[in-house]
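Per-entry structural report
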Amino acid sequence: MLQSGDGLRALTGRRVAVVGAGPGGLAAALLLARAGIHVTIFEKDPQVGGRTKTVEAPGGYRFDIGPTFFLYPQILADIFASCGERLEDHVKLERLDPQYHLVFEGAEGISGTIRATGDVERLEREVARLAPDDAKNVKAFFSENRTKLNYFKPVLEQAFHTLRSMASPAMLAALPYLHPGRSVDRDLKRHFADPRVRLAFSFQTKYLGMSPFRCPSLFTILSFLEYEHGVYHPVGGCGAVSEAMAGLAGRMGVDLRLNSNVEEVLFDGKRATGLVADGETFNADAVLINGDFAKVVRALVPERHRPRWRDAKIRKARLSCSTFMLYLGLEGKMPDSLGHHTILLADGYEKNIREITEGTLPMQPSLYVQHAGYTDGGMAPPGHTALYVLVPVPNLKAGIDWAAMRETYRALILERLKLLGIDDLESRIRYERIIDPTQWEEDFAVHEGATFNLAHDLMQMLYFRPHNRFGPGLYIVGGGTHPGSGLPVIYEGARISARLLIEELAGARAAAAAGIPDTAPLATSSEAS
Ligand SMILES: Cc1cc2nc3c(=O)[nH]c(=O)nc-3n(C[C@H](O)[C@H](O)[C@H](O)COP(=O)(O)OP(=O)(O)OC[C@H]3O[C@@H](n4cnc5c(N)ncnc54)[C@H](O)[C@@H]3O)c2cc1C
């Protein structure tokens, strides 16, 4: 905790209640505690991490539930550093090379593969195997996106709680790179003619639950981020990061209350003044909500306190897709060819994506497989494998009867895995769990099972996304607020929300003194570890 006369004294004795111990809630709690605020986190589950948790299943298999790609660790490293700690002392991060294996399905089996790597020369050779002319443009694509990221990083770091913020110097500087009418795929056509190569640099829009054919071209920076700054595996799974954050928060005095369900946020006039958890009132100077925006904010905050996000607007909001998940504990090993991350891109990818957007369940889906044991021996007992399979599917608005479809879809996915050389699964399954969109909604409190939150189209981003400062004494953190979903941006959003909250309680100087400056300089790849 900081002790100084530079504005932070005004925070002494202040109390903040955080709803949810997901990545956003934990990151914000660290920053607030570091400023000297008494932070209490209420988490309805028995374990921290929200969607970013790693669970141990019977038989000793360990599975990440949600995130498996840990990208751009620099932001979290900065948050740890501002708490006087080094991230690497808490979590071991392995940079993956190859960072993932892309497998393209064609009309007659596999039409090509790319072993994606941050080593540009090797990557060019991989691309050249599919499309020699496209390989010549890889460096130009990187160079363009390096510039673009430099312009957009300050935009992602600023708050957008006033309309004026849309005309901030950072926004004005970034505007020439925005191309609002252009999708990621269209932007990539300027560099790459082969649709498979474009997919290699655009499937990342799925991290936002969006189609590369609709997602704003700004998001070509996603694939660039991976190549430039790396794809990491936190040893023990991504949940190890959440556990490390919770451990540090505990040592900094944060009161973490597990199995504690928040039922209501309390108001005095327009100001949030506390909450009710499991029937008990807790008074606070501010409340910060980390639960899924459309589900949890709607449930906890009466409609009159969210004039910009009334029920009707939330109902009409555009949402991300959902995911059908298979977690398999298997006897035996995987084929040598199966690396840590493998993405099978379906023949007719565009149709596949259109089906998801339009609410039809794809019967020839793309899918992603994580075989964490490739890198991390701790994810399954010796001689066994923990396999994580993610299939993008429509969210619950599509009205798919998952109770009826579940088994059929499971069988279809096991069949599709044969394309990756995994052809003897059924007899080796020793543990199995399925999460379909219904469970995302019911067990994880995710609105309509839209796993990646509100869609990230331009009319639901920046000023148009739910504001980090949601009202007097009320703040939002997590994938539903600015800058958006995905761990690095959620951590960045936690910095923004914590800064605004501290500013409200103690003024701008206090936020700066608490080590949350307005913008941070762009890190180089060598700084990310
Ligand atoms: C399948 C999947 C794969 C993903 N893959 C990646 C990836 O590879 N890389 C990446 O960067 N991102 C990925 N994401 C996206 C994103 O990073 C995670 O979803 C992330 O966990 C979202 O964090 P959050 O802070 O918004 O909160 P959440 O993780 O949603 O946590 C919110 C917390 O609030 C709690 N809560 C809710 N309501 C209440 C209440 N009333 N009272 C008390 N507590 C409450 C919940 O229990 C939960 O713990 C993935 C997401 C999913 C679902």
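Residues numbered from 1 in each chain as written. Predicted model: local features only at pLDDT ≥ 70, side-chain atom pairs only at ≥ 80, totals over all residues. Heavy atoms only, no water.

With that settled, consider the state of the cysteines. Counting across every chain of the model gives 0 disulfides. Looking at Cys83, it has no disulfide partner, and the nearest cysteine sulfur is the one in Cys238, 20 Å off. With no disulfide partner, Cys321 has as its closest neighbouring cysteine sulfur the one in Cys215, 11 Å distant. By relative accessible area, Cys321 is classed as buried at 5%. (Disulfide = S-S within 2.5 Å. Buried < 20%, exposed > 50% of the residue type's maximum accessible area, 1.4 Å probe, protein only.)

The next subject is the domain arrangement of the protein chain. Taken domain by domain, the protein chain consists of domain 1 (8–53 + 67–91 + 235–317 + 453–523) and domain 2 (119–158 + 165–229). For domain 1 versus domain 2, the separation of C-alpha centres amounts to 29 Å. Contact residues are listed per partner, giving 24 residues for domain 1 and 21 residues for domain 2. Here domain 1 and domain 2 share an interface that buries about 2,000 Å² over both sides, 73% of which is from carbon and sulfur atoms. Our count for the contact surface shared by domain 1 and domain 2 stands at 0 salt bridges. Ranked by residues supplied to the side of domain 1 that touches domain 2, first place goes to helix α16 (residues 487–506) with 4 residues. Partitioning the side of domain 1 that touches domain 2 into residue classes produces 15 nonpolar, 4 polar and 5 charged. (Domains from an automatic or database assignment. Contact = heavy atoms within 4.5 Å. Buried area = accessible area lost by both parts, 1.4 Å probe. Salt bridge = Lys/Arg side-chain N within 4 Å of Asp/Glu carboxyl O. Helix = DSSP H or I, 4+ residues; strand = E, 2+ residues; numbered from the N terminus. Nonpolar A, V, L, I, M, F, W, Y, C, P; charged D, E, K, R; others polar.)

Below, the discussion takes up the pattern of salt bridges. One pass over the structure, following the stated rule, counts 38 salt bridges. Between Lys148 and Asp187 there is a salt bridge, and its shortest N-O distance comes to 3.8 Å. With Lys148 in helix α5 (residues 138–157) and Asp187 in helix α7 (residues 184–189), the pair connects residues that are 39 residues apart, well separated along the chain. The residues Lys148 and Asp187 share a single accessibility class, namely buried. Several salt bridges share partner residues, and in doing so they unite Glu144, Lys148, Arg182, Asp187 and Arg190 into one network.

This paragraph deals with the packing of helix α1 (residues 23–34) against helix α10 (residues 239–251). At a closest axis distance of 10 Å, the pairing of α1 and α10 adopts a crossing angle of 30°. The angle between α1 and α10 falls in the class roughly parallel. As for the relative orientation of α1 and α10, their crossing is left-handed in sense. On α10, the residues touching Pro23, Leu26, Ala27 and Leu30 of α1 are Ser242, Met245, Ala246, Leu248 and Ala249. Here the residues of the contact of α1 with α10 are counted per class, giving 8 nonpolar, 1 polar and no charged. (Axes fitted to C-alpha atoms, helices over the stretch in contact; angles between N-to-C directions. Parallel < 35°, antiparallel > 145°, perpendicular 65-115°, else oblique. Left-handed = near helix turned anticlockwise from the far one by under 90°.)

Among the 37 residues in the neighbourhood of the ligand, the closest are listed as Glu43, Arg51, Thr52, Asn290 and Leu487. Within the backbone of Thr68, one N or O atom sits 3.1 Å away from an oxygen atom of the ligand. For the ligand, whose free accessible area comes to 990 Å², the fraction covered by protein is 96%. At 3 residues, the largest contribution of residues to the shell around the ligand is made by α16. Classifying every residue of the shell around the ligand by side-chain character gives 15 nonpolar, 18 polar and 4 charged. (Near = heavy atom within 4 Å. Polar contact = N/O pair within 3.5 Å; in protein donor to acceptor, adjacent residues only side chain to side chain. Areas by Shrake-Rupley, 256 points an atom, 1.4 Å probe, with all protein chains shown as cover.)

Reading across the sheet, the 3 strands line up as β5-β9-β6 and stay open at both edges, with antiparallel pairing between neighbours. The two strands at the open ends of the sheet, each matched to only one other strand, are β5 (70–71) and β6 (93–95). With 3 bridges connecting them, β6 and strand β9 (residues 231–234) associate as antiparallel partners. Counterpart to Arg95 in the pairing with β9 is Tyr232. (Pairing = 2+ DSSP bridges.)

This part covers the packing of aromatic side chains. Applying the stated criterion across every chain yields a total of 29 aromatic pairs. Ring geometry for Phe142 versus Phe201: centroids 6.3 Å apart, planes at 75°, classification edge-to-face. Of this pair, Phe142 sits in helix α5 while Phe201 is found in the loop between α8 (195–200) and α9 (221–229), placing the two residues 59 residues apart along the sequence. Phe201 gets classed as buried once you look at its relative accessible area, which sits at 1%. Just above the ring of Phe282 sits the side chain of Arg15; from NZ or CZ to the centre is 4.4 Å. Between Lys313 and the ring centre of Trp309, over which it is positioned, the NZ or CZ distance is 4.1 Å. (Phe/Tyr/Trp six-rings, centres within 6.5 Å; stacked < 30°, edge-to-face > 60°. Lys NZ or Arg CZ within 6 Å of the ring centre and 35° of its normal.)

Looking now at the environment of Lys53. Along the chain, Lys53 falls in the loop between β2 (38–42) and β3 (54–57). For Lys53 and Phe63, which are 10 residues apart along the polypeptide, the C-alpha to C-alpha distance reads 8.4 Å. Ignoring anything within four residues of it in the chain, the contact list for Lys53 reads Asp45, Gln47, Val48, Phe63, Asp64, Ile65, Gly66, Gly239 and Phe444. A distance of 3.3 Å separates the side chain of Lys53 from the side chain of Asp45, its partner in a polar contact.

Moving on to the pairing of strand β7 (residues 100–106). With 7 of 7 residues buried, β7 lies mostly within the body of the structure. Covered by surrounding structure in β7 are Tyr100, Leu102, Phe104 and Gly106 together with His101, Val103 and Glu105, the residues of both alternating faces. For β7 and strand β8 (residues 109–116), the ladder comprises 7 bridges, and the chain directions are antiparallel. Across the sheet, the residue bridging to His101 is Arg115, located in β8. Once β7 ends, the chain turns through 2 residues before running back antiparallel as β8. Pairing of β7 with strand β16 (residues 341–345), which is carried by 4 bridges, proceeds in the parallel orientation.

With 20 residues, α16 should reach 28 Å at 1.5 Å per residue; the first-to-last C-alpha distance of 28 Å fits that figure. Counting buried residues in α16 gives 17 out of 20 residues, a clear majority hidden from the surface. Phi for Gly507, located one or two positions after α16, is positive at around 95°. (Expected span 1.5 Å × (residues − 1).)

Let's shift gears to the environment of Arg190. Residue placement: Arg190 occurs in the loop between α7 and α8. When the C-alpha positions of Arg190 and Cys215 are compared, they lie 16 Å apart, and in sequence the two are 25 residues distant. Within the structure, Arg190 has its side chain in polar contact with the side chain of Glu144 (distance 2.4 Å). A polar contact of 3.1 Å, which involves the side chain of Arg190, links it to the side chain of Asp187.

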